[in-house]
Amino acid sequence: MRGLTHRLLRALYSSWLPRPARSALRVQLQLLRDAAPPAAVEPPAARRVLVLAPHMDDEVLGCGGTLARAAAAGSVVRVVYVTDGSRGYVRTVGESAAEARARERAVAEQRQAEARRAGQVLGLGEPIFLDLPDYRFEVTWPAVAALRRALAETAPEAVFLPFLTDAHRDHWLTNALFVAAARDGGLPGRTACWGYEVWAPLTPTALVDVTGWIGRKRRALAEFGSQLALCDFTRTILALNAYRSILLDRGRGFAEAFHVSELDDYRRLFDAVVVGRPAPPRAWRAGVRSGARQQ
């Protein structure tokens, strides 16, 4: 079955696909070649944990149970929300540009409030909002500098982020943003990187049992009323967590799946699979050459 999956993915990869999707498939192809059964692990035993969430709710969907477990064990867990979440609503036909802007501002404020409440349910620390434009942000030098400041402020020993096989545009670019900021921000190469799954199942190396924490995850998800009005994320993500328990409790519990590696290995994997990565913006290159890296 694994061989058939590998051939199907290779055939799809050879067809025309957007760059993030092609990159995500290339990661999957590479990982499938050497895939081994995932190990049952505990949450990271780190004093400081940082979570990169492209949007408000991704952190709960992908790793909410694990984060709650880590916080209860004494870790200081903080979330960096990359985008402002302003496009998380259904567009209205005939809506004027001014009406759309007003609605986006209101949605962004609502989602920040939802994220704070969800974080309280999970026991997380004060969040950081980068407020980059939802579904429109790019990996520019100011964006990299903003994340670099967050890395310096939090000094994480473990970082959670959407894994490279997630082809959602903002999720993929969150990886690009992190790799750029980590290169420039002095994050140790042995920092543990926990890739989590939201929009695409990953090839896991680790599974965390969250059976005893699934109620808290459900309550945290319930805080995101703006997003649950668009999709039943609770039903779908808990179904994925139930499926992941096949290898832990014969399907009777809940688990969250991760690809765990050290930062140096994660960065090498990213560099190996990026398809046609564009050159950095001119202003960024100029700043790097001159050393005038303004924040």
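See the structure above.
> Mind laying out the overall build of the protein, listing which residues take part and the relevant values?
Assigned secondary structure in the protein consists of twelve helices and eight strands. Considering the protein as a whole, with its 295 residues, one finds that 52% of them fall into the buried category. Considering only contacts within the protein whose residues lie at least 6 apart along the sequence, 82% involve residues at least 24 apart. Counting only carbon and sulfur atoms, one obtains 54% of the accessible surface of the protein, whose full area is about 13,800 Å².

> Describe in detail the sheet that holds strand E7 (residues 206-209), supporting the description with residues and values.
Strands in a sheet are paired, the pairing made by backbone hydrogen bonds, and the direction either parallel or antiparallel. Taking strand neighbours across the sheet as the criterion, the eight strands line up as E1-E7-E8-E6-E5-E2-E3-E4 in an open arrangement whose pairing is mixed. Sheet topology places strand E1 (39-40) and strand E4 (128-132) at the edges, where each strand pairs with a single neighbour. Bridge count between strand E5 (residues 158-162) and strand E6 (residues 192-196): five bridges; the pairing is parallel. Bridged to Pro162 within E6 is Tyr196.

> Explain the packing of aromatic side chains residue by residue, including any values.
Following the criterion strictly, the structure yields seven aromatic pairs and no others. Between Phe163 and Tyr266 the ring centres are 6.0 Å apart and the planes differ by 65°, which places this aromatic pair in the edge-to-face class. With Phe163 in the loop between E5 and helix H6 (169-184) and Tyr266 in helix H11 (residues 263-273), the pair connects residues that are 103 residues apart, well separated along the chain. Given a relative accessible area of 0%, Phe163 falls into the buried group.

> I'd love a proper account of the side chain of Arg267, names of residues and values included.
Structurally, the position occupied by Arg267 is in helix H11. By relative accessible area, Arg267 is classed as buried at 17%. Leaving out residues up to four positions away in the same chain, Arg267 has contacts with Val179, Ala182 and Arg183.

Thresholds, definitions, all that
The residue numbering used here restarts from 1 in each chain and proceeds along that chain's sequence as written. Only residues with pLDDT of at least 70 are given local features in this predicted model, and only at 80 or more are side-chain atom pairs given and counted; all residues enter the totals for whole chains, interfaces and linings. Hydrogens and water are ignored here; the side-chain numbers use all heavy atoms of the structure. The secondary structure listing takes helices from DSSP runs of H or I that are at least 4 residues long and strands from runs of E that are at least 2 residues long, numbered from the N terminus. When a residue's accessible area, from a 1.4 Å probe over protein chains only, is under 20% of the maximum for its type it is buried; when over 50% it is exposed; and in between it is partly exposed. By the convention used here, residues are in contact when the closest approach between their heavy atoms is within 4.5 Å. Each accessible area is a Shrake-Rupley estimate made with a 1.4 Å probe; only the visible protein chains count as cover when residues are assessed. Note: two strands are recorded as paired if DSSP finds a minimum of 2 bridges between them. Two rings belonging to Phe, Tyr or Trp (six-membered ring only in the last case) form a pair when the distance between their centres is within 6.5 Å. Interplanar angles under 30 degrees mark stacking, angles over 60 mark edge-to-face geometry, and anything in between is tilted.

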